[in-house]
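Spelled out from the first residue to the last, the chains are:
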Amino acid sequence: MNTYANPNSAFPSQTVPDAEKASPDYGRRVAQAIESEWWRQGGNGTRFATSYNRFHNLRLYSRGEQPVQKYKDELAINGDMSYMNLDWKPVPVISKFVDIVANGMNNKTYEIKAFAQDPVSLKKRTSYADAILTDMMAKPFLNNLQQTLGVNKFNGNPDELPENKDELEIHMQLSYKQSVEIAEEEVIENTLAKNRFDNVKKRFNYDLVTLGIGCAKTSWNPANGVTVDYVDPANLIYSYTEDPHFEDIYYVGEVKPLTIPEIAKQFPHLTEDQLTKIQQTKAYTSQNLYGWQTYDQNTVQVLFFEYKTYNTQVFKIKQNDTGLEKALEKPDTFNPPANDNFERIQRKIEVLYKGVKVIGNNELIEWKLSENMTRPMADTTRVEMSYTICAPRLYKGRIDSIVSRITGFADMIQLTHLKLQQVIARTVPDGVFLDMDGLAEVDLGNGTNYNPAEALNMYFQTGSIVGRSLTQEGDMNPGKVPIQELQTSSGQGKIQSLIATYQYYLQMIRDVTGLNEARDGSMPEKDTLVGLQKMAVNASNTATRHVMQASLWLTVRTCENISLKVADSLKNPLTLNSLKSSISTYNVATLSEIQNLPLHDFGIYLELEPEEEEKAMLEQNIQMAIQQGGIDLEDAIDIRRIKNLKLANDVLKQKRKQKQKMMNEQQMQVAQAQEQAKAAADQARAEAEMQKQQALTAANVQYEQAKAQMELQKIQQQAEIKRKEMEIQHMYDMELKQLEVEAMKQKEQLIEDRKDKRIKLEGTQQSEMIDQRNNDLLPIDFENKQSM
């Protein structure tokens, strides 16, 4: 793209007084200078028309709707296309690649984070970290104090104290969040949601891929508060720059089509004559603006622009009677006399002027100093424009995009497609050859004539042919096969060649853009490994990373502008109430901190969702840690929620160390418990042995006592028995003695009696013996007789 730059532009001088800069005449000259740069007719047309046409052409290519006249001119012969019956509709081959990149950017998720970096917030954060560090260092003493005196001197929960400085750093990143930071994040998120920023982001993402440039506008008004709008780069005008982020431009604006009623509503100070003159500019603008034919007579092109310059702030330093100094603001023309006691102090600050002008009309609709300028708190002398622009591949005013790199290959693909249609249309189907002489020699024998029609019917229906190898005269028949198939393969080679050409240019598009088969959804080869496919996808993401970074930069800058413009919403009661109502009423701390937001300086950044490959590596580490017992399932769930991959790995290492420490402590506790159990068991065993010995001793004593007692009892029993025996013996002896005495008495008596009986017996025996002898009888047994 050949950009037009006017080195002799008619911009007014910026060194004039502030009052002159604020005058309508100064604004009119600025607007005319801008219009001269962008709508001055050059060799290639106006700068605006050149940019607009180029962007319009790229958008048509990205949609597959590019003009087909160039293809007709390429294929026509001397402009004659009467013999061509082709489908001229372009092949939308670029659309797929654009959608792949743009949709991938839209699917990139992130969280908006606000970091308070003003001195008050930093002091508060430092004090919190110092308090935790103090508790960490004095934990043993404070624990002893709490156990001894029952006094808790910890600044926080002692059970949640980090073990070392690394854990303290992770704790500060994960757990510590000031209420003012939470309030800032909620304000930004609610503002983006209210303005449907997702739709705005989709549009400038599509522009970054198609045009190579994206733009969004952040502004403020009393009715809606902070607003975020999409800006079409085709309608964008800006000063010359070589910065991809357009940080050094001094004017920027956009052209909007507005109807006369809308102009009258937005600018009520315009008179009827002024509105009539504005409507009459249609004749001029219709010749200088591309695409103007799509609007009616009541619509004009209005240029809204911002112009950056500087003002001089002058202060008069006055000393009162008490010696104190007082500063009074004065105009930049203030110059105290040399002999005066006053002192003059000044500084230069950047300011923005807003202007509105109808293209082609010399009258300026509006020119005023911007009321709600965005100034960074770190440098209040700077001012940020409402437009956030990024062109990642900008060089010398030329903007490069993914679509612009491949339009030539898309043209060749379209020409190949048209040529392929021609070849296919001219391809002749296969036919057959009939030998009429061969048919004449054939006699079917059933009276049927074998004519060509009958032969073709038989051939096409049955595939059979009737022929004769000899003629009727007996000679060899050269037409013995009367029907032969004709192969017309002349178009097949051309079709294959055109298909190969089509694939070549399609591969060229992949090579130029970096969108390989692994990313564009093409079917990979069956032998391709999964790891190689992931590597190919990562390489493709690297090739388009600059577009993704441009989208993220636009998002961050938009959030920064919202953060700086919140102060304007807080000053207005209507927007303040609207802002409070959009924030959760349950977050009392957030609501209380809203009023303090302008007092703080925030750093805004995006916490991106990790890439799939990075998430896969993190998940692999998590699974390995779980398998090894390094972390628990609850720890894995917490780690997966962390979007910052480095922080997630640090937390994983911290959790592993904590788990290892806990396992070591548990092992030590188990060992101590085992030792205590062993000691207790030994003590119990010793006590049991002692008790056993005591029991044995006691049993022995009892046994001996029982034995002695039994012996004693035995002795006593024996003595008793002996005594009883002696008594019985004595009694027996007495009785025996008595018996003996009686026996003696009886014996004596018996003797006496015996003596008498013997005497009597002897007398009787003698008489018997005498009788025996006398009578000669048997001997007499005197003993038996005596017993009898």
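Structure shown above.
In this report, we go over the structure that sits alongside the text. (Residues numbered from 1 in each chain as written. Predicted model: local features only at pLDDT ≥ 70, side-chain atom pairs only at ≥ 80, totals over all residues. Heavy atoms only, no water.)

1. A word on the environment of S95
Counting through the fold element by element, S95 comes out in helix 5 (residues 93-106). Accessibility expressed as a relative area gives 13% for S95, which makes it buried. With 33 residues separating them in the primary sequence, S95 and S62 have C-alpha atoms 5.1 Å apart. Not counting chain neighbours up to four residues away, the residues in contact with S95 comprise S62, R63 and G64. (Helix = DSSP H or I, 4+ residues; strand = E, 2+ residues; numbered from the N terminus. Buried < 20%, exposed > 50% of the residue type's maximum accessible area, 1.4 Å probe, protein only. Contact = heavy atoms within 4.5 Å.)

2. With respect to empty space enclosed by the protein
Taken as a whole and assessed by the stated rule, the structure comprises three cavities of 30 Å³ or more. When its volume is computed, the second largest cavity comes out at roughly 70 Å³. Taken together, L270, Q274, K277, I278, N361, E363, L364 and I365 make up the lining of the second largest cavity. For the lining of the second largest cavity, the secondary-structure elements that each account for two or more residues are helix 12 (272-279) and strand 9 (364-369). The leading source of residues in the lining of the second largest cavity is helix 12, at three residues. A per-class count over the lining of the second largest cavity returns four nonpolar, two polar and two charged. (1 Å grid on protein atoms, 1.4 Å probe; cavity = no way out; pocket = protein on both sides within 12 Å on 5 of 7 lines; lining within 4 Å. Points joined across faces, edges and corners; volume = space filled by probe spheres on them. Nonpolar A, V, L, I, M, F, W, Y, C, P; charged D, E, K, R; others polar.)

3. A look at helix 24 (residues 633-640)
When helix 24 is considered as a whole, its buried residues turn out to be D635, A636 and I639. Taken down its axis, helix 24 places every buried residue within 100° of arc, on the same side. Opposite its buried face, helix 24 presents the exposed residues L633 and E634, each directed more than 90 degrees away. (Arc of directions from axis to C-beta.)

4. Quick notes on the nonpolar core
Among soluble globular proteins, nonpolar side chains are generally buried collectively. Ranked by size, the top nonpolar core spans 98 residues in total, and within it I34, I213, L236 and I389 carry the most contacts. No other element matches helix 20 (residues 545-571), which puts nine residues into this core. Excluding residues within four positions of it along the chain, I213 makes contact with F55, D207, L208, P233, L236, F246, I389, C390, A391 and I399. Core analysis: the next-biggest nonpolar cluster, separate from the first, contains 13 residues, F267, L270, F304 and V358 among them. (Core = buried A, V, L, I, M, F, W, Y, C linked by side-chain atoms within 4.5 Å.)

5. Observations concerning the packing of aromatic side chains
Considering all chains together, one arrives at 18 aromatic pairs under this definition. When the centroid spacing of 6.4 Å and the interplanar angle of 50° are considered together, the rings of Y26 and W367 count as tilted. On the criterion of sequence distance, the pair formed by Y26 in helix 2 (residues 24-39) and W367 in strand 9 is long-range, its members being 341 residues apart. Pairing Y238 with F246 gives two aromatic rings, centres 5.0 Å apart and planes at 85°, and the pair type is edge-to-face. We note that Y238, like F246, is buried. In this structure an aromatic cluster arises from ring pairing among F11, Y26, Y250, Y251, F305, Y307, Y353 and W367. (Phe/Tyr/Trp six-rings, centres within 6.5 Å; stacked < 30°, edge-to-face > 60°.)

6. A word on the layout of surface pockets
Here the largest pocket defines a volume of roughly 1,200 Å³. Lining the largest pocket we find 42 residues, and of these I170, H171, Q173, L174 and S175 sit closest to its centre. For the lining of the largest pocket, the secondary-structure elements that each account for two or more residues are strand 1 (110-116), helix 8 (165-174), helix 9 (179-194), strand 15 (602-608), helix 24 and helix 25 (645-775). Among the elements that line the lining of the largest pocket, the one with the most residues is helix 25, at nine residues.

7. What to know about a nonpolar patch on the surface
A cluster of nonpolar side chains, contributed by F115, L122 and Y605, occupies part of the molecular surface with about 260 Å² of accessible area. Here F115 is to be found in strand 1. By relative accessible area, which is 35% here, F115 ends up partly exposed. (Patch = residues over 30% accessible without salt bridge, like charges linked within 9 Å, V, L, I, M, F, W, Y side chains within 5 Å. Areas by Shrake-Rupley, 256 points an atom, 1.4 Å probe, with all protein chains shown as cover. Salt bridge = Lys/Arg side-chain N within 4 Å of Asp/Glu carboxyl O.)

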